[in-house]
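The residues making up each chain are set out below.
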Amino acid sequence: MPENGGSGDSGGGDRGTHGASIELENLTKRYPDSPDPAVDNVNLRIRAGETVVLVGPSGCGKSTTLKMINRLIEPTGGRIRIDGEDVTGMDPVRLRRKVGYAIQSSGLFPHMTVAQNIALVPRMLGWPKARIRERVEEMLHLVGLDPGEFRGRYPRRLSGGQQQRVGVARALAADPPVLLMDEPFGAVDPITREHLQDELVRLQTELRKTIVFVTHDLDEAIRLGDRIAVLRERSHIAQFDTPQAILANPADDFVSGFVGSGAALKRLSLTRVRDVRITGCPTAGVDTPLPQIFGRLRGSRTKEVLLLDRQRRPWRWLRRGDLVRARGSLARAGTPVRSTVTRDATLRDLLEAVLTDRAGRVAVTGRDGEYAGVVDVDGLMDSVHELLEGDARGGRR
Ligand code: ADP
């Protein structure tokens, strides 16, 4: 019987189906002709709605473990349960309704348009045509691609990043509670990659799917994972914990070796600007009378005032001498604000911005670019020390 695939009414509120728990129980894979199992007795419990990243050196069995969850690879031993239901012997077509899958280089079919690629699983499940069309539009919006521009294109006419977005849209099309991602951003350039990682974090706060993500890149694992499983050979779990706990207290030499040096710097990617103390500085608008600006300058600890434009966006940094030199013309006075960070940026982005700012401070902005505060080197240092001390005391997110 065809399934109608009604996403909006299937349990998880407006944004469709939320995540399901996954349990791997003594999961094992032996390839024929290999003396050792590729995956040996893995036990892992993943909570509904969390992102778990499997990270470890090449060949340790990450991909094999992942592909057993949707049975692209058949286990030779053990069980897989999704939301308590044993799926180890389930018909793979039914299983794919529960489990979306995205891979490196997007895995799009080159002879199909973007829309046909995204529609693949819903078609397989027998959704009505109108519903599929609607869903394709919805998915393109979700991953930030304009349907009018992209639905009819072929994959070769997309950038690597756009292909990857379509890959994610395809994986989510049938609204599965579980999403498996196998090095999905492995083949794109580092900047696009960070962008896609941030987008995935944003998507996940909306969708609350259960995501199992494979990578060999610890930085990626730290950015994305609610919890990280560090794997050694044969998928043995060396440590399964939050990124903070793994960075602060690696379980053994293998994990410390994998984390390597620079744990404090990696820690910065884990905290967002909105989670630390942001101070203010005196501000002025383009219509603020000069005597008032001089008054605020006198009261300013840093002897600076931040001039905001009419949309209250940071515009120019002003000092007393600047105003005198510009003979009171605010549009020419002071130094233009070159970089700002949003509340959603990581502390690593903030550090970069503060380090490259000559005066060692940076304005923080809200969703529409409006002024939200200022962070300087001293403030940033204090926040970082607090975080590291919190981690060392065993603080968890
Ligand atoms: P990872 O994803 O961590 O790089 P894989 O899961 O791809 O590791 O591989 C784990 C181990 O299983 C490796 O030693 C690999 O050589 C072996 N392996 C993977 N696929 C096959 C296969 N089809 N036949 C035999 N051995 C395989």
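Residues numbered from 1 in each chain as written. Predicted model: local features only at pLDDT ≥ 70, side-chain atom pairs only at ≥ 80, totals over all residues. Heavy atoms only, no water.

K.L.:
How should I be thinking about the packing of aromatic side chains in this particular structure?
P.N.:
Here a ring pair, both rings aromatic, is described through the centre-centre distance and the interplanar angle of the planes. This structure, assessed with the given rule, holds two aromatic pairs. Relative to Phe213, the ring of Phe185 has its centre 5.9 Å away and its plane inclined at 55°; by these criteria the two rings are tilted. With a gap of 28 residues between them, Phe185 in the loop between β7 (178-182) and α8 (190-207) and Phe213 in strand β8 (residues 210-215) connect regions that are remote in the sequence. For Phe213, a relative accessible area of 0% translates into the label buried. For the pair Phe254 and Phe258, a centre-to-centre distance of 6.5 Å together with 10° between the ring planes defines the contact as stacked. With a gap of four residues between them, Phe254 and Phe258 both fall in helix α11 (residues 253-259), about one helical turn apart. Of the residues examined, Phe254 reaches a relative accessible area of 23% and is grouped as partly exposed. On the basis of relative accessibility, which here comes to 22%, the residue Phe258 falls in the partly exposed class. Above the ring of Phe254, the side-chain terminus of Arg232 is found at 4.7 Å from the ring centroid. (Phe/Tyr/Trp six-rings, centres within 6.5 Å; stacked < 30°, edge-to-face > 60°. Helix = DSSP H or I, 4+ residues; strand = E, 2+ residues; numbered from the N terminus. Buried < 20%, exposed > 50% of the residue type's maximum accessible area, 1.4 Å probe, protein only. Lys NZ or Arg CZ within 6 Å of the ring centre and 35° of its normal.)

K.L.:
Help me understand the domain arrangement of the protein chain in this model?
P.N.:
A common way to report how large an interface is uses the accessible area buried once the components associate. Domain boundaries in the protein chain define domain 1 (22-259) and domain 2 (275-383). Here the C-alpha centroids of domain 1 and domain 2 sit 41 Å apart. (Domains from an automatic or database assignment.)

K.L.:
Sorry if this is basic, but what is going on with the sheet that holds strand β5 (residues 85-86) here?
P.N.:
Within a sheet, adjacent strands bond to each other through the backbone by hydrogen bonds, running parallel or antiparallel. One open sheet accounts for four strands, arranged β2-β1-β4-β5; its pairing is antiparallel. Since the sheet does not close on itself, it has two edges, and those belong to β2 (39-46) and β5, each with one partner. As defined by bridge partners, strand β1 (residues 22-29) adjoins β2 across five bridges and the pair is classed as antiparallel. Opposite Ile22, over in β2, you have Ile46 as the bridge partner. Sheet contacts for helix α1 (residues 62-69): β1, β2 and β4 (77-82); angle to β1, the most-contacted strand, approximately 120°. (Pairing = 2+ DSSP bridges. Contact = heavy atoms within 4.5 Å. Axes fitted to C-alpha atoms, helices over the stretch in contact; angles between N-to-C directions.)

K.L.:
Whenever I open this one, the site of the ligand confuses me. Can you help?
P.N.:
Near the ligand you find Tyr31, Ala38, Pro57, Ser58, Gly59, Cys60, Gly61, Lys62, Ser63 and Thr64, and these make up its full shell. Computed on the free molecule, the ligand has an accessible area of 560 Å², of which 53% lies beneath the protein chains in the complex. (Near = heavy atom within 4 Å. Areas by Shrake-Rupley, 256 points an atom, 1.4 Å probe, with all protein chains shown as cover.)

K.L.:
Sorry, what's going on with the sheet that holds strand β14 (residues 335-336) here?
P.N.:
Taken in spatial order, the four strands of this open sheet run β11-β12-β13-β14, and their pairing is mixed. Edge positions in the sheet fall to β11 (283-285) and β14, since each of these pairs with one other strand and no more.

K.L.:
How should I be thinking about the pattern of salt bridges in this particular structure?
P.N.:
Pairs can form between side chains of opposite charge whenever their charged atoms are close. Per the stated rule, a full pass over the model turns up 33 salt bridges. A salt bridge links Arg135 to Glu138; the nearest nitrogen and oxygen atoms lie 3.3 Å apart. In this pair, Arg135 and Glu138 are both assigned in helix α5 (residues 129-142), three residues apart and thus about one turn of the helix distant. Taking relative accessible area as the criterion, Glu138 reaches 29% and is therefore assigned partly exposed. Among the ionic pairs, Glu199 bridges to Arg165, the shortest N-O distance being 2.9 Å. Taken together, the positions of Glu199 in helix α8 and Arg165 in helix α7 (residues 160-172) put the pair 34 residues apart, joining distant regions of the chain. (Salt bridge = Lys/Arg side-chain N within 4 Å of Asp/Glu carboxyl O.)

K.L.:
Would you mind showing me how to read the nonpolar core here?
P.N.:
What tends to happen in soluble globular proteins is that the nonpolar side chains get buried as a cluster. If you look at the biggest cluster of nonpolar residues, it comprises 49 residues, and the most contacted ones within it are Ile118, Met181 and Phe213. When residues no more than four places from it in sequence are discounted, the contact partners of Ile118 are Val136, Met139, Leu140, Val166, Ala169, Arg170 and Ala173. Among the nonpolar cores identified, the runner-up in size contains 27 residues, and Cys60, Met90, Val99 and Leu180 belong to it. (Core = buried A, V, L, I, M, F, W, Y, C linked by side-chain atoms within 4.5 Å.)

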